[in-house]
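# Structural features, examined
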Amino acid sequence: MPSPEAPALGQMAAEALRHLRPTSALELFDRIFVLWRLDWERYSLLGLLAVLPGLAVELYALWRWGSGTTPMSMEIVPWAFLAFVLQLLPVTVVVRHAFSRLVAVPSSRMGYRPLHLVFPRVVVGVLFIVFAMALILNWGLAVVEVAGPSLLSIVAFVGAVAASLWIGANLCLAPVLLALGWPRIFYALYKSWKFMVFSRFAASRWRDNAHWRLALLLSFPLACHGGLAVAVRLVQWLETGTLFAGAPLAFAAAHIIIGAALDVVLLPWLAIAGAALLIEAMCRRNALDIHMRLRNATGVDSIVGGE
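Residues numbered from 1 in each chain as written. Predicted model: local features only at pLDDT ≥ 70, side-chain atom pairs only at ≥ 80, totals over all residues. Heavy atoms only, no water.

### Focus: the overall build of the protein
Just so we agree on the cut-off: Counting from the N terminus, the helices are DSSP H or I runs at least four residues long and the strands are E runs at least two residues long. Note on exposure labels: buried denotes an accessible area under 20% of the residue type's maximum, exposed denotes more than 50%, and partly exposed covers the range between, all computed with a 1.4 Å probe on protein chains only. Surface exposure here means Shrake-Rupley accessible area, sampled with a 1.4 Å probe, where a residue is shielded only by the protein chains that are shown.
On a plain count of helices and strands, the protein comes out with 11 helices and 0 strands. When each of the 307 residues of the protein is scored for burial, the buried share is 40%. Carbon and sulfur atoms make up 72% of the accessible area of the protein, which amounts to about 17100 Å² in all.

Shown next, in the form of structure tokens:
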């Protein structure tokens, strides 16, 4: 029975999108769109702030190539890295806001750690995952270079790609955990691994599989950018008669600008997807849904003795 201080049942039902419980993969996919529509103005503004630094670097590099002076790598890489770091700041804000909306608790009551303490850990966590995946790929490429064209080189390359994707998939929730204020980077990486691997062992493995959910979520932005690339190439072919070679700079610039406009929506959408996937994993492994319902109904978050 709810205590007198607890919210009314109607309010509790209204707080529950929210339906905080384990979901099917397609229902999770739909919930992300619902959440994006609820605050699309805020998410679009944060997406624009995330896209602008990278867009500026890409257009500058294209301008240098178009003017006949090829920019050196050491000239572009520092600015590209700075754009990458700046891009993570609005994404971190989106993750925190989306998580609070999903659990129906205002951000002011979530007790988030200050952003200036959280953001450096997010950057380090993302870089750790990227470098770990790149290191494994480089090992596979090194074997291919040493062994030459042979069955061993093919197996080594395919194995390196598979291992890299496996590590990246299992660690993908670590930046989300760090954005929410988890203080230790390696502990967040460990918890991400446990969350992702845990939901593989269920009655319906292909449906109750965190990796299947991750693949489904990533398919949406990949399909959007793939469709954009095909459309730009078709227009280029109709105008110039070539698909890849000798394209005017206008087509490359149009591709970059339209892709950036697409990312204004896709980057916040991916951040919301990360928060939703984390909540799904926490419901399955830590019974987060039961924990939240218990707290809303009775004002406590555990059962002690005979209470």
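On we go.
### Considerations on the pattern of salt bridges
Quick note on the threshold: Any Lys or Arg side-chain nitrogen found within 4 Å of a carboxyl oxygen on Asp or Glu counts as a salt bridge.
A full pass over the atoms with the stated rule returns 3 salt bridges. A salt bridge links R101 to D39; its shortest N-O distance comes to 2.4 Å. Highlighted residues: R101 in helix α4 (residues 73-102) and D39 in the loop between α2 (25-38) and α3 (40-66), separated in sequence by 62 residues. The partner of E280 in a salt bridge is R213, and the shortest N-O contact between them spans 3.4 Å.

### Here we look at the confidence of the model for the protein
Detailed reading of predicted coordinates is not advised where the pLDDT is low. Quick reminder of the rule: For every residue, the predictor states its confidence as a pLDDT score lying anywhere from 0 to 100. A contact between two residues is defined here by any heavy atoms of the two lying within 4.5 Å.
This prediction gives the protein a mean pLDDT of 83; 83% of its residues lie at or above 70. At the level of individual helices and strands, the protein shows its lowest average pLDDT in helix α1 (residues 9-15), which scores 44, and its highest in helix α7 (residues 174-179), which scores 95. Considering only residues more than four positions removed or in separate chains, one finds that residues 6-17, a stretch of pLDDT under 50, has 12 contacts.

### Structural notes on the side chain of S153
Mapped onto the elements, S153 comes out in helix α6 (residues 151-170). Ignoring anything within four residues of it in the chain, the contact list for S153 reads V144, A147 and G148.

### Description of helix α8 (residues 185-198)
As a reminder, the rule being used: Here a helix's expected span is defined as the number of its residues, less one, multiplied by 1.5 Å.
Between its first and last C-alpha atoms α8 spans 20 Å; for 14 residues at 1.5 Å apiece the expected length is 20 Å, and the two agree. For α8, the set of buried residues is A188, L189, K191, S192, F195, M196 and V197.

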